[in-house]
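Coordinate inspection notes
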Amino acid sequence: MKKTLLLIYVIASSLLSSSFAPAQSPTKTESNQMRRVKSQVLTSTYLPSIRVRFDKRFKYVGSQKFILYGRAQVEQHFFVDADKQRRIKGMYMVQFEGYLPNVNATYDYAATKTVNLGGQTYIANAESIPNVLAALKQDPKSDVARAASFLEGKGYRIGESIIFQRFVRLVDEAKQRVHFALR
C-alpha cells in the first residue's frame, strides 16, 4: 500500500497574526535576527512582519537558507508531525523568498483563488504529487528538493506521494519578495 503524505502550504487563520513591515531594508543586526522560533512561535520582523503559532504536536526541526537558481535568497522553516519511525504525517513549511538585488525580476503568481488569512490576502492552490521521488529527480535544485533533502538529513522520511496546499503572498510593491507556507 502506498503511503501518502499530506503537505499543505498553509497557515490557518487561527494561527496567524500579521502586519506589513516598514519598506526600508533591515540593518545588519536586524537581518541576523529577522526570523526566530521560540515556544512554537515563528516570528519574522521583516518582509513580512508576522507571528505564527503552531500546535504543539508539530515539532520545530530547524531552518535553512540558500540561494535558489542563483536568483533568489530563500529561508525555510519546518514544523513536523511524525510517527516514532520519523515518517512525516503532516508538516508546515514556511518559506520567505526574495530576488537578489542584482536580479531584475518580479514574481507573477496567477491569482485564480485567494483566501484571507489573518487580515491578509493569500493566493491559494493545491496539488497532488503521485511520485515524489520522480518529481524531486526532475528538478534536484528546486526549493522543494532542498526541503526534502533537509528533512531527510534530520532523519525524517517523506511519503511516496504527497498532497499539498500552498498559500502565497507578495509582500512588497515591487513584487520581488514573496512569503508562502506549505502544509
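Heads up: the structure comes first, above all this text.
The rules behind each value
Residues numbered from 1 in each chain as written. Predicted model: local features only at pLDDT ≥ 70, side-chain atom pairs only at ≥ 80, totals over all residues. Heavy atoms only, no water. Core = buried A, V, L, I, M, F, W, Y, C linked by side-chain atoms within 4.5 Å. Buried < 20%, exposed > 50% of the residue type's maximum accessible area, 1.4 Å probe, protein only. Helix = DSSP H or I, 4+ residues; strand = E, 2+ residues; numbered from the N terminus. Contact = heavy atoms within 4.5 Å. Salt bridge = Lys/Arg side-chain N within 4 Å of Asp/Glu carboxyl O.

Grouped together as the largest cluster of nonpolar side chains are 13 residues, with contacts concentrated most on Leu42, Phe54 and Phe79. Those elements giving two or more residues to this core turn out to be β5 (49–53), β8 (88–99) and β10 (120–129). Here this core gets three residues from one element, more than from any other, and that element is β8. Beyond its immediate stretch of four places on either side in the chain, phenylalanine 79 contacts Val37, Gln40, Leu42, Phe54, Phe58, Lys59, Tyr60, Gly90, Met91 and Tyr92.

Overall, the coordinates contain five salt bridges when judged by the stated rule. For glutamate 75, the salt bridge goes to arginine 35, with nearest N and O atoms at 2.9 Å. Linking glutamate 75 in strand β7 (residues 72–82) with arginine 35 in strand β3 (residues 35–38), this pair joins segments that are 40 residues apart in sequence. On the basis of relative accessibility, which here comes to 9%, the residue glutamate 75 falls in the buried class. Given a relative accessible area of 15%, arginine 35 falls into the buried group. Close ionic contact of arginine 87 with aspartate 83 constitutes a salt bridge, the shortest N to O distance being 2.8 Å. Taking relative accessible area as the criterion, arginine 87 reaches 31% and is therefore assigned partly exposed. When salt bridges that share partners are traced, they join Asp55, Arg57, Asp81 and Lys89 into one network.

Everything listed is a geometric property; what it means functionally is a separate question.
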